[in-house]
Amino acid sequence: MRPPSAMTSPKACREGQQKTSVNTCLPVGRAGVFCYPLDMKTDYISLAKLIAAKNHIDISSIKKFDSGEVNKVFNINNKFVIKIEGEPEVATNLLKRQPEKIEMLYQKGGRVPKILDYGQMDGKEYLLMEKIKGVNLSADWWSFNDLQKENLIEQIAEQLIIFHSIKSDLYF
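Residues numbered from 1 in each chain as written. Predicted model: local features only at pLDDT ≥ 70, side-chain atom pairs only at ≥ 80, totals over all residues. Heavy atoms only, no water.

Caption draft 1: Geometry of the side chain of asparagine 75. Along the chain, asparagine 75 falls in strand E4 (residues 72-76). Within polar-contact distance, the side chain of asparagine 75 engages the backbone nitrogen of asparagine 78 at 2.9 Å. Setting aside residues no more than four positions away along its own chain, asparagine 75 makes contact with Ser61, Ile62, Lys63, Phe65, Phe80 and Lys131. (Helix = DSSP H or I, 4+ residues; strand = E, 2+ residues; numbered from the N terminus. Polar contact = N/O pair within 3.5 Å; in protein donor to acceptor, adjacent residues only side chain to side chain. Contact = heavy atoms within 4.5 Å.)

Written as structure tokens, this is what we have:
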């Protein structure tokens with residue numbers, strides 16, 4: 001990785017970027033917070049492939065989820081999910097507590113994914129878990145009839161009761 005000062009000075013920044021005091025363009029995220037330039041970021045796809053290989057998973061498909069503001073999340077073969085710690089300004093040590101919290105939720109009856117591996121690779125924490133089968137409610141909600149919607153709301157409420165039964169001052 002090159003420090004920002006070692007990069008060539010751009011004439012103009014692209015949309016969504018802002019010139020910094022060291023004359024480089026950095027993407028501007030939410031609330032105007034600077035993000036690293038793309039050439040300074042971790043190669044998350046390569047890292048996800050290494051994590052899969054370490055766990056003897058042959059990759060036939062890998063897709064980055066569109067969501068995931070803090071951590072980078074990948075769908076592997078539509079069977080596994082890999083979460084990789086994001087950039088240090090927002091993500092340091094957030095994955096560390098998740099295996100314990102997910103186990104606590106499971107013990108109380110929570111519908112949570114099975115954790116297959118947790119560790120650190122290339123200085124980034126990661127979490128490998130089974131992918132939970134289901135549909136994307138934000139996309140499919142309007143196709144459900146009233147009875148299906150009521151059933152889903154009941155299931156979500158049951159899970160929320162379990163999630164809220166775990167007391168913690170920490171984000172997980």
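Caption draft 2: Summary view of helix H3 (residues 98-107). Considered for burial, the residues of H3 that qualify are Gln98, Pro99, Lys101, Ile102 and Leu105. Along the axis of H3, the buried positions cluster into a sector of 165 degrees, meaning they face one direction only. Exposed side of H3, more than 90 degrees from the buried face: Glu100 and Gln107 are the residues found there. After H3 finishes, the residue glycine 109 shows a positive phi value of roughly 100 degrees. (Buried < 20%, exposed > 50% of the residue type's maximum accessible area, 1.4 Å probe, protein only. Arc of directions from axis to C-beta.)

Caption draft 3: Just a negative patch on the surface, in detail. A cluster of acidic side chains, namely Asp146, Glu150, Glu154 and Glu158, defines a negative patch on the protein surface. Position of glutamate 150 among the secondary structure elements: in helix H5 (residues 146-164). Its relative accessible area of 48% is what places glutamate 150 among the partly exposed residues. (Patch = residues over 30% accessible without salt bridge, like charges linked within 9 Å, V, L, I, M, F, W, Y side chains within 5 Å. Areas by Shrake-Rupley, 256 points an atom, 1.4 Å probe, with all protein chains shown as cover. Salt bridge = Lys/Arg side-chain N within 4 Å of Asp/Glu carboxyl O. Lys, Arg positive; Asp, Glu negative; His and termini not counted. Charge placed at Lys NZ, Arg CZ, Asp CG, Glu CD.)

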